[in-house]
Amino acid sequence: MRKAAELRPVEALAILKEGRYGGMTYSSAVNGFVKGYVKSSDSEVNWLELIKDVKGITGASGTSFVDGYGTVARTVALEWAKEDLRASLDWFTRETGRELSDPKYVGQITSVLGGLPAEEKFQAIDWIGEQRDRPEWNDQLALKYGKTLALKKTPLDPDVDRLVGFVNNEDLRYEFVSNFLKPAKSGKGLELRYDRVSLNRLIESARLPVERSESLQKQMASVK
């Protein structure tokens, strides 16, 4: 379906509406359509029109677009975020009812943020910072995105230092830093994934009590 939408988006849309999608699950077929449609476009995608078409295919309402067709909504958000992160996430978190207070939805939002290239992570961090005034703000949003960056071994820089400062809970700030301190296996055994200067700066940025900062320093020192 992805290739069909890439080559002939109008015909691919008609095939989906008729329920003919070659043995794929419905969600997989619609996801493929979205990705192919975006790739086929020579100009800026009309995202609201695309969302309207997708809802027409699935019969999804605002509520069912969160759960029943959640993977489709995520695909739309991921593709849209590559062009306009703020517009994508404004739709993904507000129009579809994904509240930041719900851990399940925080994970879905983080997966969209994590789809950005490493060099564009500042956009994600800017957006996260802007959400802190929302009544449903959840520290887990900053924590989970930080964990995503650590797992990808994204370079530690002042943007990541800024991100840890968005976490209000002391225990979660400690956990945030610990994610970057976890060693990786190498031919010589275990080694830190980041240089010690950057890690020390992150520890300082976490604004932890002295004993907890010292605990993190000991974790770092234990890896040669």
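Right above here is the structure, for reference.
Description of the structure in this document. (Residues numbered from 1 in each chain as written. Predicted model: local features only at pLDDT ≥ 70, side-chain atom pairs only at ≥ 80, totals over all residues. Heavy atoms only, no water.)

### Observations concerning the packing of aromatic side chains
Going through the model one piece at a time under the given rule, you end up with 6 aromatic pairs. Residues Trp47 and Trp80 carry aromatic rings whose centres are separated by 5.6 Å and whose planes lie at 10° to one another, so their mutual orientation is stacked. You can see Trp47 sitting in helix α4 (residues 47-58) and its partner Trp80 sitting in helix α5 (residues 70-81), a full 33 residues away along the chain. For the ring pair Phe180 and Tyr194, a centre distance of 5.5 Å and an interplane angle of 55° mean the geometry is tilted. With a gap of 14 residues between them, Phe180 in helix α11 (residues 170-181) and Tyr194 in the loop between β2 (189-191) and α12 (196-205) connect regions that are remote in the sequence. Above the face of the Tyr174 ring, Arg212 is positioned so that its terminal group lies 4.5 Å from the ring centre. (Phe/Tyr/Trp six-rings, centres within 6.5 Å; stacked < 30°, edge-to-face > 60°. Helix = DSSP H or I, 4+ residues; strand = E, 2+ residues; numbered from the N terminus. Lys NZ or Arg CZ within 6 Å of the ring centre and 35° of its normal.)

### A short note on the nonpolar core
Among the nonpolar cores identified, the biggest contains 67 residues, and Phe33, Leu113, Ile128 and Phe180 are the most heavily contacted of them. No other element matches α5, which puts 7 residues into this core. Apart from the residues lying within four places of it in its own chain, the contact partners of Phe33 are Met1, Ala5, Pro9, Ala12, Leu13, Leu16, Leu50 and Ile57. (Core = buried A, V, L, I, M, F, W, Y, C linked by side-chain atoms within 4.5 Å. Buried < 20%, exposed > 50% of the residue type's maximum accessible area, 1.4 Å probe, protein only. Contact = heavy atoms within 4.5 Å.)

### Structural notes on the packing of helix α6 (residues 85-95) against helix α7 (residues 103-113)
Two quantities define a packed helix pair, namely the angle between the axes and the distance from one axis to the other. Between α6 and α7, the shortest axis-to-axis distance is 11 Å and the interhelical angle comes to 165°. Classified by the angle between their axes, α6 and α7 sit roughly antiparallel to one another. The handedness of the crossing between α6 and α7 comes out as right-handed. Side by side, α6 and α7 meet where Leu85, Leu89, Phe92 and Thr93 of the first sit next to Gln108, Ile109, Val112 and Leu113 of the second. Counted by class, the contact of α6 with α7 contains 6 nonpolar, 2 polar and no charged residues. (Axes fitted to C-alpha atoms, helices over the stretch in contact; angles between N-to-C directions. Parallel < 35°, antiparallel > 145°, perpendicular 65-115°, else oblique. Left-handed = near helix turned anticlockwise from the far one by under 90°. Nonpolar A, V, L, I, M, F, W, Y, C, P; charged D, E, K, R; others polar.)

### A closer look at unusual backbone geometry
One non-glycine residue, Lys153, adopts positive backbone phi at about 55°. Residue position: Lys153 is located in the loop between α9 (139-151) and α10 (158-164). At Arg207, a position not held by glycine, the phi torsion is positive, near 50°. Here Arg207 lies in the loop between α12 and α13 (210-221).

### Here we look at the pattern of salt bridges
It is possible for side chains bearing opposite charge to pair when their charged atoms get close. For the coordinates displayed, the defined rule picks out 10 salt bridges. For Asp159, the salt bridge goes to Arg162, with nearest N and O atoms at 2.8 Å. Placement of the pair is Asp159 and Arg162 together in helix α10, with a separation of 3 residues, close to one helical turn. (Salt bridge = Lys/Arg side-chain N within 4 Å of Asp/Glu carboxyl O.)

### Things to note about the environment of Met1
Secondary-structure assignment places Met1 in the segment before α1 (2-7). Sequence separation between Met1 and Pro209 is 208 residues, and the spatial gap between their C-alpha atoms is 54 Å.

### Examining α12
Every buried residue of α12 is listed here: Ser198, Leu199, Leu202, Ile203 and Ser205. Each buried residue of α12 lies within a common arc of 160° when the element is viewed along its axis, so the set occupies one face. Set apart from the buried face of α12 by more than 90 degrees, the exposed residues are Val197 and Glu204. On its buried side, α12 packs onto α10, α11 and α13. Capping of α12 at its N-terminal end is provided by Asp195; its side-chain oxygen lies 3.2 Å from the backbone amide nitrogen of Val197. Downstream of α12 by one or two residues, Arg207 has phi in the positive range, about 50°. (Arc of directions from axis to C-beta. Polar contact = N/O pair within 3.5 Å; in protein donor to acceptor, adjacent residues only side chain to side chain.)

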